[in-house]
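The lines below spell out each chain.
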Amino acid sequence: MVVILALTLTICGCACCYLASPNQKWLSWFPSRWPFLAAASLLLGAGLVSWIAALRPLAGFFVTLHVAMVCLFVFPYSAALRSFGRGN
Amino acid sequence: MAGGIRPDWWSKASAGAILGLGLALSLVGLYAYLGPGGINAPGGRYSLMRHLEAFVWIMVFGFCFLFRSGRAAWAWLGAANLIAFAALFACRFYFFA
Amino acid sequence: MIRAEIVKLYKTVHTWIGVSCGLALFIAFYAGALTMFQEPIARWASPPAVGVEAVSLEDAPRLLELVAAAYPEAREEGITLHLRGHENEPARVTWVEDEPHEAGQPHGHVHWWATLKPDGSLMAKQEEPSDLAEFINDVHMRIGIPNPWGSYFMGVVSLLYGVTLIAGVIVLLPSLAKDFLELRIGKNLKRMWLDAHNVVGITALPFHLVIAVTATAWGFGVPLWSAQESVIFGGKQKIAMAHDLERWRAPPPTGEAGAMMPPSQLLQRLNAQVPDFEPKVMVFRNFGDKAAAAKFAGAERGYVGDTRFGGVILSAVTGTLIKDNRASRQDLDRRVGTVILALHTGEYGGITIIWAYFFLGFSGAWLFYSGNLLWIETRRKKARKEGEVEQSRSTRLLGSATVGICLGCVAGLSLTIVAAKWLHGRVADLDAWHAYIYYAVFLGSITWAFAWGAARSAVHLTWLCAAFTVAIPLTTLLAWAFPMLGMWAHGSAATVGVDIVAFIGALCFAWVATATAWRVKNGPADSVWSIRKAEGRTAARQSVAIAAE
């Protein structure tokens, strides 16, 4: 249960991170950065704490790191695939 | 570093590969002697050292192209090797013999 | 700020190492991603057997006694008692024996399993388990080159991979802040491949650094060990290692008989003394002896890297803890080493990290594939500037090699997985067949790619990948629908998961094949990825000829 919570928090945190990037392609407009950056750090922090609660500090840190790595390259690709689908 | 960097591919790469390995072995060897517990420390030090050596080797090889020339790479890395090996052999044959 | 000449220098380093090592790294990463599911694949490939449940844990003492009495060699080598009931555990009890050999000579092993017949008597059978998962791991570690040269080769490749990572980061640094997470889709193909390459490389950089360092250390493992012994330790390493290994060794037999504690009770004693430890198997050494020991291989919940070097040994007579190598009890050096190792193999964090590493492995394979595409695309642009339409020989050759080696590896691994079910019981040495099939497909694909050129063969071979990969779930479906085929369809989540993942993978390959076919027909003609090149070239020549007239 706490694993699912931790995973959700980490993925949402990375999503906010991506949306805060000036290069995000999910939205056709650019939201203001700071709320997303704040949300990203809060969510990733909460995710890290939940992973540590589910595992132990070291394992929790590495799991957060690796899930974040996957999210951060999957999100740009997902946006790229969508624009392929639209036919540009 | 005026005058620009010369590529010197082969001399720099050979310095990185050979002297990088030498530096890796000697620096990690120093850790084996000076690290907690010393050279006779029981435990898994010998297997950790391989990873440390690989790390130092990759770092030296990776950054050795920053030297101005192949000659400079051999000179600086050679000097570093000499010092590190001197320290290592001092530990091995003198201080902790 | 990094000077432009340094960036230019490192760009050359990055490109040349990338192009020369990229294909080997592709194979290592693709097969490595599959090894994250080594256990589900082994379960998928294992034929149905009597299974662990055939003998309850309460009846296990009788089974163990019968085996120890009938097979004295097993007592010494260790009798494994399985606890989980996975499909790749043929029975409650298994053991390994040496093949007949001369003393001191290298030799093979034979595998046995044993269960109780309904009348309570022993039934033992020699049966070789599927080595499919180990074969995939071999391809991952040595890209199929025999030991020790495969290890040395991958050591060199991994070292250069580390160097090229550093070079890549230096090249990227000036534009890193501006282009982070940027992936521009559009007409500029070079830009697109560059973004696609960078975004994967830079986000997964910590992962790649760890992989490069550990793979270098393992590839050069034996030479580095010898170098350490002669340069640093001067003979002390052997002593330290022997001392270290002693911590995993069961005590020697006394020769006196002792009453064994039943496995269920041993598990209770384990739980009481070592909470948070999740055993996978228990191995009895010197069963029946007063000094008999039960080794528990398993993981300590929440620790990084606890399956390989972890484990505890209990006395099989009294149930007291005699050796304790749990992660929480390791010395600092061992702990750091184990953590580094586990960061390569993903032995922590459970199913989340297995999936994360699976995707990271694929992203790595994609990194090298896209790197080669980028090289070809860059060359194309240069060629066009100089006014020639035909691609250079080197880009055509690299294009063919990239397509043949990468897709050949993918198709070969898929087909060799399928063969585990089709060939079981039909060939004498299935393990050898796994290798034959992989190499046949791999080498065949390379030949095909060079014969047909990158563009055409990319379409053919991607469809081949899709076909072989979809054959994995189709085989299971056939086995389920037609039992007389002599194949099997396991129903556990892990093995059905293999089928589902293979099906999704096949869909992805089919999608890629369609997209490639589209590009081959409609993409820019002056590319190795176009079949219009040939016609375009003759047309250009004709127009030149007409103009000349």
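Only a predicted model underlies this, so the values are computations on that prediction, with no experimental measurement involved. (Residues numbered from 1 in each chain as written. Chains lettered and ligands numbered in written order. Predicted model: local features only at pLDDT ≥ 70, side-chain atom pairs only at ≥ 80, totals over all residues. Heavy atoms only, no water.)

**Q** Please explain the overall build of chain B as it appears in this structure.
**A** Looking only at helices and strands, one finds 3 helices and 0 strands in chain B. Ordered by position from the N terminus, the helices and strands of chain B form the series α-α-α. Scored against the burial criterion, the 97 residues of chain B give a buried share of 54%. Expressed as a percentage of contacts within chain B between residues at least 6 apart in sequence, the contacts between residues at least 24 apart total 78%. (Helix = DSSP H or I, 4+ residues; strand = E, 2+ residues; numbered from the N terminus. Buried < 20%, exposed > 50% of the residue type's maximum accessible area, 1.4 Å probe, protein only. Contact = heavy atoms within 4.5 Å.)

**Q** What's the story with the interface of chain C and chain B in this structure? I'm lost.
**A** Put simply, an interface is often sized by how much accessible area is lost when its parts join up. Contacts between the two partners involve 43 residues from chain C, matched on the other side by 42 residues from chain B. Where chain C abuts chain B, roughly 3700 Å² becomes buried across the two surfaces, and 71% of that area is made up of carbon and sulfur atoms. If you sort the residues of chain C by the area they bury against chain B, C:L9, C:I232 and C:D333 come out on top, with a joint share of 17%. Taken together, the connections running from chain C to chain B amount to 1 salt bridge. In this structure, the salt-bridge partner of C:D333 is B:R45, at a minimum N-O distance of 2.9 Å. Here chain C and chain B share 13 residue pairs in polar contact (both at pLDDT 80 or more) between them. At the level of elements, α1 (4-35), α6 (149-179), α8 (205-219), α9 (221-233), α10 (236-245) and α12 (332-345) of chain C are the ones that each hand at least two residues to the side of chain C that touches chain B. (Buried area = accessible area lost by both parts, 1.4 Å probe. Salt bridge = Lys/Arg side-chain N within 4 Å of Asp/Glu carboxyl O. Polar contact = N/O pair within 3.5 Å; in protein donor to acceptor, adjacent residues only side chain to side chain.)

**Q** Any chance you could explain the interface of chain A and chain C here in plain terms?
**A** Each partner contributes to the interface: chain A provides 27 residues, whereas chain C provides 35 residues. For the pair chain A and chain C, the two sides together bury roughly 2500 Å², of which 75% comes from carbon and sulfur. On the chain A side of the contact with chain C, A:N23, A:F73 and A:Y77 bury the most area, a combined 23% of that side's loss. At the junction of chain A with chain C, the criterion picks out 1 salt bridge. For C:E182, the salt bridge goes to A:K25, with nearest N and O atoms at 2.6 Å.

**Q** Honestly, the pattern of salt bridges in this entry has me stumped. Any pointers?
**A** When the charged atoms of two side chains with opposite charge come close together, those side chains can pair. Residues and elements named next belong to chain C. One pass over the full model with this rule turns up 26 salt bridges over all chains. Between E89 and R84 there is a salt bridge whose closest N-O contact spans 3.6 Å. Owing to a relative accessible area of 4%, E89 belongs among the buried residues under this scheme. What makes R84 partly exposed here is its relative accessible area of 30%. The salt bridge partner of R249 is E246, with a shortest N-O separation of 3.2 Å. Judged by relative accessible area, which is 38%, E246 ranks as partly exposed.

**Q** Would you mind showing me how to read the nonpolar core here?
**A** Residues B:F65, C:Y30, C:I232, C:Y348, C:V403 and C:L413 are the most contacted members of the largest nonpolar core, which totals 159 residues. For this core, the element with the highest residue contribution is α1(C), accounting for 18 residues. Beyond its immediate chain neighbours, meaning those up to four positions away, C:Y348 contacts A:A59, A:F62, A:V63, A:H66, C:Y303, C:V304, C:G305, C:A342, C:L343, C:I353 and C:Y357. Counting 33 residues, the second largest nonpolar core, distinct from the first, contains C:L63, C:W112, C:M260 and C:A294. (Core = buried A, V, L, I, M, F, W, Y, C linked by side-chain atoms within 4.5 Å.)

**Q** Please clarify how the packing of helix α2 (residues 45-63) of chain B against α12(C) should be interpreted in this entry.
**A** Helix-helix packing: each pair is described by the crossing angle between the helix axes and the interaxial distance. Axis separation between α2(B) and α12(C) bottoms out at 8 Å; the angle between their running directions is 45°. By the angle class used here, α2(B) and α12(C) are oblique. Between α2(B) and α12(C) the crossing geometry is left-handed. Taking contact as the criterion, the partners of B:R45, B:Y46, B:S47, B:L48 and B:H51 in α2(B) are, on α12(C), C:D333, C:R334, C:V336, C:G337 and C:I340. Among the residues making up the contact of α2(B) with α12(C), the classes are represented as 4 nonpolar, 3 polar and 3 charged. (Axes fitted to C-alpha atoms, helices over the stretch in contact; angles between N-to-C directions. Parallel < 35°, antiparallel > 145°, perpendicular 65-115°, else oblique. Left-handed = near helix turned anticlockwise from the far one by under 90°. Nonpolar A, V, L, I, M, F, W, Y, C, P; charged D, E, K, R; others polar.)

**Q** Quick question: what am I supposed to make of unusual backbone geometry here?
**A** The peptide bond linking C:N147 to C:P148 adopts the cis configuration, its omega dihedral lying at -5°. Inspection of the secondary structure assignment puts C:P148 in the loop between α5 (132-142) and α6. Residues other than glycine seldom take positive phi values, yet B:D8 does so here, at roughly 45°. Residue position: B:D8 is located in the segment before α1 (9-34).

**Q** Would you mind going over the pairing of strand β3 (residues 109-116) of chain C with me for this structure?
**A** The side chains of a regular strand alternate, first on one face of the sheet and then on the other. Residue and element names in this part refer to chain C. Counting buried residues along β3, 6 of its 8 residues qualify, which places the element largely inside the surrounding structure. Two strands pair when backbone bridges link them, and strand β2 (residues 93-98) and β3 are joined in this way by 6 bridges, in the antiparallel orientation. Residue pairing across strands places V96 opposite H111, the latter belonging to β3. For β3 and strand β4 (residues 122-126), the ladder comprises 5 bridges, and the chain directions are antiparallel. When the sheet's bridge partners are listed, L116 is paired in β4 with L122. Between β3 and β4, which follow one another and run antiparallel, lie 5 residues, and G120 among them has a positive phi close to 90°. (Pairing = 2+ DSSP bridges.)

**Q** What should I look at first to understand the arrangement of the chains in this one?
**A** The pair of protein chains exhibiting the most contacts, out of 2 pairs of chains in contact, is chains B and C. With no contact formed, the shortest span from any C-alpha in chain A to any C-alpha in chain B equals 18 Å.

**Q** Explain the packing of aromatic side chains here, please?
**A** By convention here, two paired aromatic rings are described through the distance between centres and the angle between planes. Residues and elements named next belong to chain C. Within the structure shown, the criterion is met by 42 aromatic pairs over all chains. Here the aromatic rings of F37 and F358 are separated by 4.9 Å at their centres, their planes lie at 75°, and the arrangement is edge-to-face. In this pair, F37 sits in the loop between α1 and α2 (38-45) while F358 sits in helix α13 (residues 350-385), placing the two residues 321 residues apart along the sequence. Overall, the relative accessible area of 6% leaves F358 in the buried class. Residues W433 and Y436 carry aromatic rings whose centres are separated by 5.8 Å and whose planes lie at 75° to one another, so their mutual orientation is edge-to-face. Here Y436 and W433 lie together in helix α15 (residues 430-481), a separation of 3 residues that amounts to about one turn. Take W433: its relative accessible area is 36%, and that puts it in the partly exposed class. (Phe/Tyr/Trp six-rings, centres within 6.5 Å; stacked < 30°, edge-to-face > 60°.)

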